[in-house]
Amino acid sequence: MKKIYSRYPMVKYLRQEALPTALCPGCGGGTVLNAFANAIDQLKIDPRDLVVVSGIGCSAWIASPYFLADTLHTTHGRAIAFATGVKVGLPDKYVVVISGDGDLASIGGNHLIHAARRNIDITVILVNNFIYGMTGGQVAPTTPFGAITTTTPYRNVEHPLKIAETVAAAGASYVARWTTAHVYQLIESIKKALTTKGFSLVEVISQCPVQFGRRNKMKEPAEMLRWFLKNSVPISKAKKMSEEELEGKFVIGEFVHRRRPEFTEELNKLIKEVQEKYVR
Amino acid sequence: MIIRGDEPEQKELLKKLYKPGNYFMMGDEAIAYGAIFAGCRFYAGYPITPSSEIAETMARELPKVGGYYLQMEDEIASIAAMIGASWTGFKVMTATSGPGFSLMQENLGYAVMTETPLVLVDVQRSGPSTGQATKGAQGDFFQARWGTHGDHPMIAVSPVSVEDAFWETIRAFNIAEKLRTPVVVLFDGILGHTREQIRIPDPDEVEIAYRKLPQSEEEAKLPFGDPHGDGIPPMPLFGHGYFTHVTGSTHKENGLRDVYTPEVHDRLIRRIHRKIEKNRDVYEKYEEYYTEDAEILVVSWGVSARPSLGAVLKARKEGIRVGLFVPKTVHPFPGERMRELGKKVRAILVPEMNLGQMILEVQRFVNDDVLLKGVNKIGGVPLTVEEILREIRGVAI
Ligand SMILES: Cc1ncc(C[n+]2csc(CCOP(=O)(O)OP(=O)(O)O)c2C)c(N)n1
Ligand code: SF4
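Residues numbered from 1 in each chain as written. Chains lettered and ligands numbered in written order. Predicted model: local features only at pLDDT ≥ 70, side-chain atom pairs only at ≥ 80, totals over all residues. Heavy atoms only, no water.

1. Some details on the sheet that holds strand 3 (residues 94-100) of chain A
Phase 1 of the analysis: Strand order in the open sheet made by the nine strands is 9(A)-10(A)-7(A)-8(A)-4(A)-3(A)-1(A)-2(A)-9(B), with mixed pairing throughout. Two strands in the sheet have a free side with no partner beyond their single neighbour: strand 9 (232-234) of chain A together with strand 9 (245-247) of chain B. Between one strand and the next, the sheet's axes are offset by a mean angle of 20°, whatever the strand orientation.
Phase 2 of the analysis: Inspection of the sheet shows strand 2 (residues 70-73) of chain A paired to strand 9 of chain B by three bridges, in the parallel sense. Along strand 9 of chain B, the bridge assignment pairs H73 of chain A with T247 of chain B.
Phase 3 of the analysis: Contacts from helix 3 (residues 79-89) of chain A reach strand 1 (50-54), strand 2, strand 3 and strand 4 (123-128) of chain A, with the element oriented near 175° to strand 3 of chain A. (Pairing = 2+ DSSP bridges. Helix = DSSP H or I, 4+ residues; strand = E, 2+ residues; numbered from the N terminus. Axes fitted to C-alpha atoms, helices over the stretch in contact; angles between N-to-C directions. Contact = heavy atoms within 4.5 Å.)

2. A short note on unusual backbone geometry
Phase 1 of the analysis: The peptide bond linking L19 of chain A to P20 of chain A adopts the cis configuration, its omega dihedral lying at 0°.
Phase 2 of the analysis: Along the chain, the position of P20 of chain A falls in the loop between helix 1 (2-6) and helix 2 (29-42).
Phase 3 of the analysis: Between H331 of chain B and the following residue, P332 of chain B, the backbone shows a cis peptide bond with an omega angle of -15°.
Phase 4 of the analysis: Examined against the element boundaries, P332 of chain B turns out to sit in the loop between strand 13 (329-331) and helix 13 (335-344).

3. Structural notes on the sheet that holds strand 4 (residues 91-96) of chain B
Strand pairs in the sheet, formed through backbone hydrogen bonds, run parallel or antiparallel to each other.
Residues and elements named next belong to chain B.
Phase 1 of the analysis: With respect to topology, seven strands assemble into an open sheet ordered 3-2-4-5-7-6-13, the strand pairing being mixed. Each of the sheet's edge strands pairs with one partner strand only, and the pair in question is strand 3 (68-71) and strand 13. The mean inter-strand angle of the sheet, taken between neighbouring strand axes irrespective of direction, is 25°.
Phase 2 of the analysis: Examined bridge by bridge, strand 2 (residues 40-45) and strand 3 share four bridges and lie parallel to one another. Across the sheet, G45 pairs through a bridge with Q71, a residue of strand 3.

4. A closer look at the pattern of salt bridges
Phase 1 of the analysis: Under the criterion given, the structure shown has 43 salt bridges over all chains.
Phase 2 of the analysis: Notably, a salt bridge pairs R195 of chain B with E29 of chain B, separated by 3.7 Å at the nearest N-O pair. Of this pair, R195 of chain B sits in strand 8 (residues 195-200) while E29 of chain B is found in helix 2 (residues 27-38), placing the two residues 166 residues apart along the sequence.
Phase 3 of the analysis: A relative accessible area of 43% places R195 of chain B in the partly exposed class.
Phase 4 of the analysis: Given the relative accessible area of 16%, E29 of chain B is considered buried.
Phase 5 of the analysis: One salt bridge in this structure joins E61 of chain B and R60 of chain B, with 2.8 Å as the shortest N-O distance.
Phase 6 of the analysis: Given a relative accessible area of 42%, R60 of chain B falls into the partly exposed group.
Phase 7 of the analysis: Here the salt bridges do not stand alone but share partners, grouping K87, D121, K197 and E265 of chain A into one network. (Salt bridge = Lys/Arg side-chain N within 4 Å of Asp/Glu carboxyl O. Buried < 20%, exposed > 50% of the residue type's maximum accessible area, 1.4 Å probe, protein only.)

5. A closer look at the environment of Y210 of chain B
Residue and element names in this part refer to chain B.
Phase 1 of the analysis: Relative to the helices and strands, Y210 resides in the loop between strand 8 and helix 9 (217-220).
Phase 2 of the analysis: Judged by its relative accessible area of 30%, Y210 is partly exposed.
Phase 3 of the analysis: In sequence terms Y210 and H193 are 17 residues apart; their C-alpha atoms lie 30 Å from each other.
Phase 4 of the analysis: Not counting residues within four places of it along the chain, the set of residues in contact with Y210 comprises I3, G5, D6, K91 and E177.

6. Some remarks on the pairing of strand 7 (residues 182-188) of chain B
Successive side chains on a regular strand alternate, one facing one side of the sheet and the next facing the other.
Residue and element names in this part refer to chain B.
Phase 1 of the analysis: Among the seven residues of strand 7, seven are classified as buried, and the element is accordingly described as predominantly covered.
Phase 2 of the analysis: The two faces of strand 7 match: P182, V184, L186 and D188 on one face and V183, V185 and F187 on the other face are all buried.
Phase 3 of the analysis: Of the strand pairs in this sheet, strand 5 (residues 118-124) and strand 7 are connected by seven bridges, and their pairing is parallel. Its bridge partner lying in strand 7, V121 is registered against V185.
Phase 4 of the analysis: Sheet analysis places strand 6 (residues 155-157) next to strand 7, joined by three bridges and oriented parallel. Counterpart to I155 in the pairing with strand 7 is V183.
Phase 5 of the analysis: Since strand 6 and strand 7 lie parallel, the crossover through helix 7 (residues 162-179) that links them has a hand, and here it is right-handed. (Right-handed = clockwise from strand over helix to strand, strands pointing away.)

7. So, the interface of chain A and chain B
Phase 1 of the analysis: With 41 residues of chain A in contact, the opposing surface of chain B contributes 43 residues.
Phase 2 of the analysis: Of the roughly 3,400 Å² buried where chain A meets chain B, counting both sides, 65% is carbon and sulfur surface.
Phase 3 of the analysis: On the chain A side of the contact with chain B, D70, H73 and F82 of chain A bury the most area, a combined 15% of that side's loss.
Phase 4 of the analysis: At the junction of chain A with chain B, the criterion picks out one salt bridge.
Phase 5 of the analysis: E73 of chain B is paired through a salt bridge with R118 of chain A; the nearest N and O atoms lie 2.6 Å apart. (Buried area = accessible area lost by both parts, 1.4 Å probe.)

8. Some thoughts on the site of ligand 2
Phase 1 of the analysis: In the vicinity of ligand 2, the residues found are L23, C24, C27, C58, N129, C208, P209 and Q211 of chain A.
Phase 2 of the analysis: When grouped by side-chain class, the residues that make up the shell around ligand 2 number six nonpolar, two polar and no charged. (Near = heavy atom within 4 Å. Nonpolar A, V, L, I, M, F, W, Y, C, P; charged D, E, K, R; others polar.)

9. Describing helix 5 (residues 98-114) of chain B
Residue and element names in this part refer to chain B.
Phase 1 of the analysis: Here helix 5 spans 24 Å end to end across 17 residues, near enough to the 24 Å set by a 1.5 Å rise per residue.
Phase 2 of the analysis: Taking the largest bend as the criterion, helix 5 deviates by roughly 50°, centred on Q105.
Phase 3 of the analysis: Counting buried positions along helix 5 gives 13 out of 17 residues, so the element sits mostly inside the fold.
Phase 4 of the analysis: One or two positions beyond helix 5, positive phi appears at E115, with a value near 50°. (Expected span 1.5 Å × (residues − 1). Bend = angle between axes of the 7 residues up to and from the residue.)

10. Re a negative patch on the surface
All names here are of chain A.
Phase 1 of the analysis: Together, E243, E244, E245 and E247 make up a negatively charged patch on the protein surface.
Phase 2 of the analysis: By the element assignment, E247 lies in the loop between helix 10 (243-246) and strand 10 (250-257).
Phase 3 of the analysis: A residue is classified by how much of its surface remains accessible, and E247, at 55% relative accessible area, is exposed. (Patch = residues over 30% accessible without salt bridge, like charges linked within 9 Å, V, L, I, M, F, W, Y side chains within 5 Å. Areas by Shrake-Rupley, 256 points an atom, 1.4 Å probe, with all protein chains shown as cover. Lys, Arg positive; Asp, Glu negative; His and termini not counted. Charge placed at Lys NZ, Arg CZ, Asp CG, Glu CD.)

11. A few points about a positive patch on the surface
All names here are of chain A.
Phase 1 of the analysis: Taken together, the side chains of K230, K237, K240 and K249 make up a positively charged region of the molecular surface.
Phase 2 of the analysis: With respect to the helices and strands, the residue K240 is situated in the loop between helix 9 (235-238) and helix 10.
Phase 3 of the analysis: Overall, K240 belongs to the exposed group, its relative accessible area being 73%.

12. Some remarks on the pairing of strand 3 of chain A
Residues and elements named next belong to chain A.
Phase 1 of the analysis: Strand 3 sits mainly inside the fold: six of its seven residues count as buried.
Phase 2 of the analysis: Bridging between strand 1 and strand 3 involves four bridges; their strand directions are parallel. Residue pairing in the sheet places L50 in a bridge with Y94 of strand 3.

What follows is the structure, encoded as structure tokens:
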């Protein structure tokens, strides 16, 4: 086993005693871990300057425990709230949240929009596999309309949440969406997210062949990747398309990249002001 | 590695900002000042009556001492943020009331499992549900103990006055730091909103404890080990290059998850229990009045303790041999002392602002030949001296 890992150049970033990962073969989670490790490597970030926080779910395991950094594996949905405390304590470190769509956008949806509103300097990599993978493939707020899941055995009659669009509207400094079939763009976006001061979200549409693909006529991971490629629409093109034309498509690209006052900086500025006034 | 608020200049700062002397303040404010004197430099919360003055005081005072006030989107986020901050070396606190306390329970369990020091103040109000939102009560006795799921120990302290709230909050921080565990302060809306005189001490008079930090690379690599045999692992803080992994799932001494091996779960949970059981001297605290010759005993806690003392003093004047026992740490219950006292008396009265909660703990430690009777009042109005005195007279011969 050890030998196989040693051929992988990013293995130096992984907690080898925790390998192999618990992810299913063909899971998009591996691609996300790889892209994240490459982004860290290309930016030459010392993993000692990194704290990775995750919630509960398959996607939550991607970096916590597998990435060799300080890692905090929290309760379901609450990763961003935990990360907020970490960032205030360690404003000079990179604080990254990697977790699933159920975790971050369903149970944790409130924390997601409020962290974006506050514009706290946290990078969130949200792995959207349209499903609750870990609990056995139940319907999620991201499940496509009409899809089959274990709790929508006839078809899903709810509409999926547009996560990237929602977070951009909530006030994030950087928002992008890619799929696991767009690895190089994904790495570039993770790099931008890490280096943008303020709240950053990279939504990654990722395959869960086991819990989602299998029930929706895409048993093979490759079939899911082809589905992503075929239905991806760059954001520039999407702007000219109607709502109906965009139904069932994945809008990819950068949604926002802007500078707004950042929460921990503002908090520290405020403390300084108050201390100057009261402490002489 | 440093615990924030630990810097020597902090003491000078406190001396400058808060001159020692007598102040007139609310119980909620006393809790906030106690926290600041204990070294708390991170507060995350969500407003709820009757605890909001704690948040307001922290928002005003924390920046003066270089501390952080965060108003989060809800109570779940509040306790989550404070756990994250605690792992970066802050002493942390939040305050809430009934419904908010319920929301915090999952992450309170997370703090037990990950051995994260924190102080959670529950300013009890009437319930269940929204109940009488603005009225005090003592109905969360067991929520503090058993609110989260699983087998777990829990420490809760309960102040009896405004000044006591200041000191008990400091004690709560010291227990949390010494034992690397969450500590609940069971306060109540009546004392929270009562104003009375308290003395703010010189910071030099305040005993302050800090969590144990790893002394070597090996210790840091075992964030959930037991290198000193006291059940308390040193806490490697984030940001120091130790690559610490923290999870609420069952974990080995090195922090890595193992939910399949029965022995790993057994070892972890038993150690967490042992750490609390073995270190009783760190947290056990009670007060006694006239217990030496008592044949009737009043056992009371929190807001009900003072009218109980008033009733005991009056009954003594009437020649009734009655004593008072006040647990200040209510969980774990001071059962040994309760058992000893129970052997010496023939009747025990338990005044509390609920329909009978702490009385169940008392019952566990006394024989059934002792007359055991609750003095219970709900509706948001505290028990009076007269009401308790009447019951004492009733059981006196
Ligand atoms: C409070 C709470 N509710 C429910 C669960 C059960 N649970 C575990 S993982 C999960 C869903 C994970 O879905 P997602 O975040 O999309 O991650 P995936 O497994 O699909 O990667 C749920 C509901 C839990 N652990 N805690
Ligand atoms: S269940 Fe789905 S998301 Fe979970 S590891 Fe397997 S493929 Fe990945």
